[in-house]
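Here is how the chains run, residue by residue.
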Amino acid sequence: MSERVCQEVQAQLPAYVDRSLSRLRRKLVALHLRRCAVCQAAFSVQRDLRAGLASLAAQGEAPPDGLLESLLAQSSSPRGAAPLRGAVSGARPALSVALLVAGAAAGAGAGYASWLSAKNVRRRLRR
Ligand SMILES: [Zn+2]
């Protein structure tokens, strides 16, 4: 899968999640998502982020620290990985990766959105 296609698909994911894409573009994104684990994972995160952002806006919560670390720990912990290990090496790796990422993001979707904005702030402060 070419990186350029993935970049274009991922750039359209917010509109795809919002269902504001044209029918043709929506179909192209859907087709690509079916074949590409990377974009499928990005789609899951995007979808969960959208829900997370909505609840953050409603609650006005402060962004938690170390969120990426906890997401990574969740996705690489023996407890989380064991049931998926067989599936990952099986016939549908794209689906397994998507489930793995969706599982991690679903637990911390709201926090991940905060972490993203916190990361942007930190990057600005460093320069
Ligand atoms: Zn892709």
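Residues numbered from 1 in each chain as written. Predicted model: local features only at pLDDT ≥ 70, side-chain atom pairs only at ≥ 80, totals over all residues.

## Some remarks on the overall build of the chain
- Per the secondary structure count, the chain includes 7 helices and 0 strands.
- In sequence order, the chain lays out its α and β elements as α-α-α-α-α-α-α.
- Looking at the chain as a whole, 23% of its 127 residues qualify as buried.
- Long-range pairs, those at least 24 residues apart, make up 77% of the contacts in the chain between residues at least 6 apart in sequence. (Helix = DSSP H or I, 4+ residues; strand = E, 2+ residues; numbered from the N terminus. Buried ≥ 20, exposed ≤ 12 C-beta atoms within 10 Å, placed from the backbone. Contact = placed C-beta atoms within 7 Å.)

## Structural notes on the confidence of the model for the chain
- Predicted confidence across the chain gives a mean pLDDT of 73, with 50% of residues reaching 70 or more.
- In the predicted structure, residues 80-92 sits below a pLDDT of 50 and forms 10 contacts with residues beyond four places in sequence or in another chain. (pLDDT = per-residue confidence, 0-100.)

## Description of the nonpolar core
- Val9, Leu13, Tyr16, Val29, Leu33, Cys36, Cys39 and Phe43 form the largest nonpolar core, which has 8 residues in total.
- When contributions to this core are tallied by element, the ones reaching two or more residues are helix 2 (13-18), helix 3 (23-35) and helix 4 (37-59).
- Residues contacting Leu13, with those up to four places away along its chain left out, are Ala42, Phe43 and Gln46. (Core = buried A, V, L, I, M, F, W, Y, C linked by C-beta atoms within 7 Å.)

## Points about helix 4
- The terminal C-alpha atoms of helix 4 lie 32 Å apart, and with 23 residues this matches the ideal 33 Å at 1.5 Å per residue to within 8%.
- If you check which residues of helix 4 are buried, you get Cys39, Gln40, Ala41, Phe43, Ser44, Val45, Asp48, Leu49 and Gly52.
- Residue Gly60 follows helix 4 closely and has a positive phi angle near 60°. (Expected span 1.5 Å × (residues − 1).)

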